Structures are given as structure tokens and as C-alpha cells.
Amino acid sequence: MKINQWKDNLGWNKIPTFGEIHKLDPEELKAYYYLPDNVREIVKTIQNSLLEGYGITNKRIIGEPGSGKTTFIYYIKKLLSKDDEMTFKNFSFHILHINRLRSTSESVRELIEKRTLKILADYFVENKLAREYHLLIKGEETLRKEQINKLEDFILTEKSRFAQRLIVLIDDIDETNETEVEESLRYFYSLLECHQICKWLVVRNTTLDNYKAPFLSFIETKFAHPIKFPRVDLYGIINRRIQAANPKGINPFTSVVSRK
């Protein structure tokens, strides 16, 4: 049967997005994102901890492979930081993909410095401090680490001028070998070590199980507060995607669909 035939039979006007939804605009992501009670509870826990102050800490978000951790952090970044109802507007979320820190012409450290500066540049602009950013980095064009140090010192000493708190979400360490991850993560952490900048690590529990003791100890110490991300049922995701694209369409799948 051709695709147009079963589309008509199911009452679908368009094919739902069943793949990654990270790059969708905020409204589309909100429509497609499946938020069951167990994930909603995680959101509320994070929200309350941030609003009440005790959640301004470095965290590690741990979950099984394919549980939806990456989509979740994009949901936070794209929606919750702009959603008055969820009151995340006082926080600025930025995502660092460890597996993208590779180049044939530059070292890992050079790439991390560039990415860190980009995060800080965006953060200053979001807080209407673009002029201060450019003044701080002036004269240090070839010394990125010194630029980062100056920016970090400014964040610490002038924290009242920042309307938002910076939270960096570190993802995709599962896609990179341990040696590269350890070098990247340790160096990135050393660049943004101040407590005013929160670092959240997103990782599979199976990845942590395979790390050597010294690196695992570093992660557990530097990202000390664990959040266990729950498994999300596949049927719920499929049903949400179908209904988002076709509110009156038929879902041909049954609730016995599950992840293996």
C-alpha cells in the first residue's frame, strides 16, 4: 500500500515527525513533546530546586539508553527558559555536545575554549551586557583562556547585573570514547569552575558503569547531585506525535508497543 493510501485511511493530513525533534521551533517542539507524569515530576523537581535556591548545583542526569534524555534537555532549553508558567525565565540554558569537539586542524582544548567563549558571549548578550563582553576580551584576542578568565571573574564580581543564571548542559559523552571524554570534560570544567555557573552532565547509566574509577570519581564529585531520568513509554511518544500532526487522525499502533 502506498503512503498516500494509508494516510487517507488513517485520516492523516501529514506524516508525523517520528525522529529527532531537537531542531523544531519551540512551538512545534511543545506540540510534539510527550510529557508523561514521571517526566513532569522531574521537571517540577528541577523547577522547585532552582526557584528555592538549593538546586543551583552541578548535576548529572542519568538514564537508560534511548530514554529521551537529549530531547528532554532541549525541551528545557527551548521551552522552559521562556515559559512564565514554569518560571524558568531566570535561567539561561546552553548545550555543549562533547562529540562535536573534534577537528583535524585544532586540538580538543582549542575547540573547547572556542565553544566556551561562544557560550559566554551568548550569555552576556542575553543579559544585555554585550558591550561589557567586548571590553573584557579586548586585547586578549590570541589568549582565549585569559578571555574566559576575565569573563568568569566579571560574572562572579558583577553577578547582580545578570538577570539570568547560566546553566550549561553537557551531552553526547556516550558517543565518545572515555579518553577523549575525560580530557574534554576535565578541561571544560576547569575553564568554568566557578560556582556561579552550573554544569549539568547528561549520561547513560551504562556508560558510567564502564568508566575507570578515577574518572568516575571525578564525575561523581564534580557533578554531585544525580537526577534519575525515567524510561518513557514508546506508545505515548508515538501517540503524541500522531495527535500533534493530525488531531483527528487514527493511531494504528497498540499500547503493547515497547522498547527493547
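Residues numbered from 1 in each chain as written. Predicted model: local features only at pLDDT ≥ 70, side-chain atom pairs only at ≥ 80, totals over all residues. Heavy atoms only, no water.

Observations concerning helix α8 (residues 178-191)
The α-helix winds at 3.6 residues per turn, so residues separated by three or four positions along the chain end up facing the same way. Over its 14 residues, α8 extends 20 Å from the first C-alpha to the last, a length consistent with the 20 Å expected when each residue adds 1.5 Å. Along α8, the residues that are buried comprise Glu-178, Val-181, Ser-184, Leu-185, Tyr-187, Phe-188, Tyr-189 and Leu-191. Structurally, α8 contributes buried residues whose contacts are with β2 (91-97), α5 (108-126), α7 (144-157), β3 (165-171), β4 (198-204) and α10 (213-222). Where α8 begins, the capping side chain belongs to Asn-177, and its oxygen is found 3.1 Å from the backbone nitrogen of Thr-179. (Helix = DSSP H or I, 4+ residues; strand = E, 2+ residues; numbered from the N terminus. Expected span 1.5 Å × (residues − 1). Buried < 20%, exposed > 50% of the residue type's maximum accessible area, 1.4 Å probe, protein only. Contact = heavy atoms within 4.5 Å. Polar contact = N/O pair within 3.5 Å; in protein donor to acceptor, adjacent residues only side chain to side chain.)

As for the sheet that holds β4
Across the sheet, which stays open at both edges, the five strands sit in the order β2-β3-β4-β1-β5 with parallel pairing between neighbours. The two strands at the open ends of the sheet, each matched to only one other strand, are β2 and β5 (225-228). Adjacent strand axes in the sheet meet at a mean angle of 25° when their direction is disregarded. Contacts from α5 reach β2 and β3, with the element oriented near 160° to β2. (Pairing = 2+ DSSP bridges. Axes fitted to C-alpha atoms, helices over the stretch in contact; angles between N-to-C directions.)

A closer look at the packing of aromatic side chains
Here the structure, examined in full by the defined rule, presents 13 aromatic pairs. Taking 4.9 Å as the distance between ring centres and 50° as the angle between the ring planes, the aromatic pair formed by Phe-72 and Phe-229 counts as tilted. Here the residue Phe-72 occupies a position in helix α4 (residues 69-78), and Phe-229 occupies one in the loop between β5 and α11 (234-245), the gap between them amounting to 157 residues. An identical accessibility class is assigned to Phe-72 and Phe-229; each is buried. Plain terms: the ring middles of Tyr-123 and Phe-162 are 5.1 Å apart, the flat faces sit at 10° to each other, and that makes the pair stacked. Of this pair, Tyr-123 sits in helix α5 while Phe-162 sits in the loop between α7 and β3, and the two are 39 residues apart along the sequence. (Phe/Tyr/Trp six-rings, centres within 6.5 Å; stacked < 30°, edge-to-face > 60°.)

Quick notes on the pairing of β2
Summarising burial for β2: seven of the seven residues are buried, a large majority. By the alternation rule, side chains of β2 split into Phe-91, Phe-93, Ile-95 and His-97 and Ser-92, His-94 and Leu-96, which are all buried. As defined by bridge partners, β2 adjoins β3 across seven bridges and the pair is classed as parallel. Its bridge partner being in β3, Leu-96 is matched across the sheet by Ile-170.

Some words on the nonpolar core
Counting 42 residues, the largest nonpolar core has Phe-124, Val-168, Ile-170 and Ile-219 as its most contacted members. Put simply, the parts of the chain that give this core at least two residues each are α5, α6 (130-137), α7, β3, α8, β4 and α10. (Core = buried A, V, L, I, M, F, W, Y, C linked by side-chain atoms within 4.5 Å.)

Points about the pattern of salt bridges
In the structure shown here, the tally under the stated rule is eight salt bridges. Arg-231 is the salt-bridge partner of Glu-64, the closest N and O atoms lying 2.3 Å from each other. With Glu-64 in the loop between β1 (59-63) and α4 and Arg-231 in the loop between β5 and α11, the pair connects residues that are 167 residues apart, well separated along the chain. Taking the relative accessible area as the measure of exposure, Glu-64 reaches 34% and is therefore partly exposed. A salt bridge links Glu-175 to Arg-204, with the shortest nitrogen-to-oxygen separation between them at 3.3 Å. With Glu-175 in the loop between β3 and α8 and Arg-204 in strand β4, this residue pair connects regions lying 29 residues apart in the sequence. (Salt bridge = Lys/Arg side-chain N within 4 Å of Asp/Glu carboxyl O.)

Considerations on the packing of α6 against α7
Viewed as axis vectors pointing N to C, α6 and α7 meet at an angle of 135°, and their least axial separation amounts to 9 Å. Judged by the inter-axis angle, α6 sits oblique to α7. Note that α6 runs across α7; the crossing there is right-handed. Residues Glu-132, Tyr-133, Leu-136 and Ile-137 of α6 lie in contact with α7, whose contacting residues are Gln-147, Lys-150, Leu-151 and Phe-154. (Parallel < 35°, antiparallel > 145°, perpendicular 65-115°, else oblique. Left-handed = near helix turned anticlockwise from the far one by under 90°.)

The values reported here are purely geometric and, on their own, carry no functional implication.
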